[in-house]
Amino acid sequence: MARSYGTYATRVEGLKRMFAHIRVLIMALMTAGPVLAQSQVHSPATAPAKPVKMVVLGDSLSAGLGLQATAAFPARLQKALSDKGIKVDMINAGVSGDTSSGGRDRLDWSIPEGTEAVILELGANDALRGIDPAVTRTALTEILTRLKARKIAVLLCGMLAPPNYGSEYAARFNAIYPELSKSFGVPLYPFFLEGVAADTKLNQADGLHPTAEGVDVIVKNILPMVEAFLGTISGQRS
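About the criteria used
- Residues numbered from 1 in each chain as written.
- Predicted model: local features only at pLDDT ≥ 70, side-chain atom pairs only at ≥ 80, totals over all residues.
- Heavy atoms only, no water.
- Helix = DSSP H or I, 4+ residues; strand = E, 2+ residues; numbered from the N terminus.
- Buried < 20%, exposed > 50% of the residue type's maximum accessible area, 1.4 Å probe, protein only.
- Pairing = 2+ DSSP bridges.
- Contact = heavy atoms within 4.5 Å.
- Axes fitted to C-alpha atoms, helices over the stretch in contact; angles between N-to-C directions.
- Parallel < 35°, antiparallel > 145°, perpendicular 65-115°, else oblique.
- Left-handed = near helix turned anticlockwise from the far one by under 90°.
- Nonpolar A, V, L, I, M, F, W, Y, C, P; charged D, E, K, R; others polar.
- Core = buried A, V, L, I, M, F, W, Y, C linked by side-chain atoms within 4.5 Å.
- Arc of directions from axis to C-beta.

1. Here's the deal with the environment of K151
So, step 1. Note that K151 resides in the loop between α7 (133-149) and β4 (153-157).
So, step 2. Judged by relative accessible area, K151 falls into the exposed class, the value being 76%.
So, step 3. Between the C-alpha atom of K151 and that of A117, which follows or precedes it by 34 residues, the distance is 9.1 Å.

2. With respect to the sheet that holds strand β2 (residues 88-94)
So, step 1. Pairing within the open sheet is parallel, and its five strands lie in the order β2-β1-β3-β4-β5. What marks the edges here is a single partner per strand, and that holds for β2 and β5 (188-189).
So, step 2. Most of the contacts of helix α3 (residues 73-83) go to β2, to which it runs at about 165 degrees, and overall it touches β1 (52-58), β2 and β3 (117-121).
So, step 3. Sheet strands touched by α7: β1, β3 and β4. Its angle to β3, the strand with the most contacts, is close to 180 degrees.

3. A look at the packing of α7 against helix α9 (residues 176-184)
So, step 1. Interaxial distance between α7 and α9 falls to 11 Å at its minimum, and their mutual angle equals 30 degrees. One finds that α7 runs roughly parallel with respect to α9. Classified by chirality, the crossing of α9 by α7 is right-handed. Between α7, through P133, T136, R137, L140, T141, L144, T145 and K148, and α9, the contact on the second element is made entirely by I176, Y177, E179, L180 and F184.
So, step 2. Among the residues making up the contact of α7 with α9, the classes are represented as seven nonpolar, three polar and three charged.

4. Considerations on the nonpolar core
For soluble globular proteins, the rule of thumb is that nonpolar side chains tend to be buried together.
So, step 1. Judged by nonpolar contacts, the single largest core of 57 residues is most densely connected at L57, F73, L77, L120 and V226.
So, step 2. Considering each element in turn, this core owes the most residues, nine residues, to helix α10 (residues 212-237).
So, step 3. Excluding residues within four positions of it along the chain, L57 makes contact with A93, G103, R106, L107, S110, I111, V118, I119, L120, E121, L122 and I143.

5. Quick notes on α9
So, step 1. Along α9, the residues that are buried comprise I176, Y177, L180, S181 and F184. Summarising the axial view, the buried residues of α9 lie within an arc of 125 degrees, below the 170-degree limit, and thus occupy one face. Across from the buried face of α9, at angles greater than 90 degrees, the exposed residues are K182 and S183.
So, step 2. Immediately downstream of α9, the backbone of G185 shows phi near 65 degrees, a positive value.

6. A few points about the packing of α7 against helix α8 (residues 166-174)
Relative orientation and spacing of two packed helices are given, respectively, by the angle between their axes and the distance between those axes.
So, step 1. Taken N-terminus to C-terminus, the directions of α7 and α8 make an angle of 10 degrees; their axes are 9 Å apart at the nearest point. One finds that α7 runs roughly parallel with respect to α8. Contacts between α7 and α8 involve P133, A134, T136 and R137 from the first element and Y169, R172 and F173 from the second.
So, step 2. Considering only residue class, the contact of α7 with α8 consists of four nonpolar, one polar and two charged.

If you want it as structure tokens, here you go:
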């Protein structure tokens, strides 16, 4: 059958246009390929998360008085976080006998450059010595102010006054932590010794310092709040 020249020419022209489109598509893919590969290499989703640099600034309760270093609160908390796949570079900056004022005075060398998070656990010795709550409040306020200026996130651990100084003293002291938490916008763990204080089975012979088992109870209780705290920091990184 004879073939019409007009029909054949139309088909040839159509094929030319199709091949031209294919050529443009191939060139576009060749150009985009290296860019796509490079974006995958540097994708935040595939990059390993850096450990959060954390310091526990505290007194003997975090220093681990009477315990092996591996049984102290910072070490046990780091282990509990690691078991959940959360990596932190932990520094134990607890000093036995330290007051809030003492922690303030050593703040600069206790919290090295590059620190991203601080668990602030101070005030127990202030309450035991009957230090004026106004002094404790001032010291903690200065610590929080200086850490905020350094853009370091803080988890504040509360403390409760013993009953021997009376209800008025206890009311003034106990109010410090929730009020500072609100004014500085930092998370508060209301009572660091929750579940351990006054339990003879979880405290050493002095009745004040937790045993290794007591530390594990503290870690178990505070862990959900620490996880949420670290999650906020990780979210700010991205």
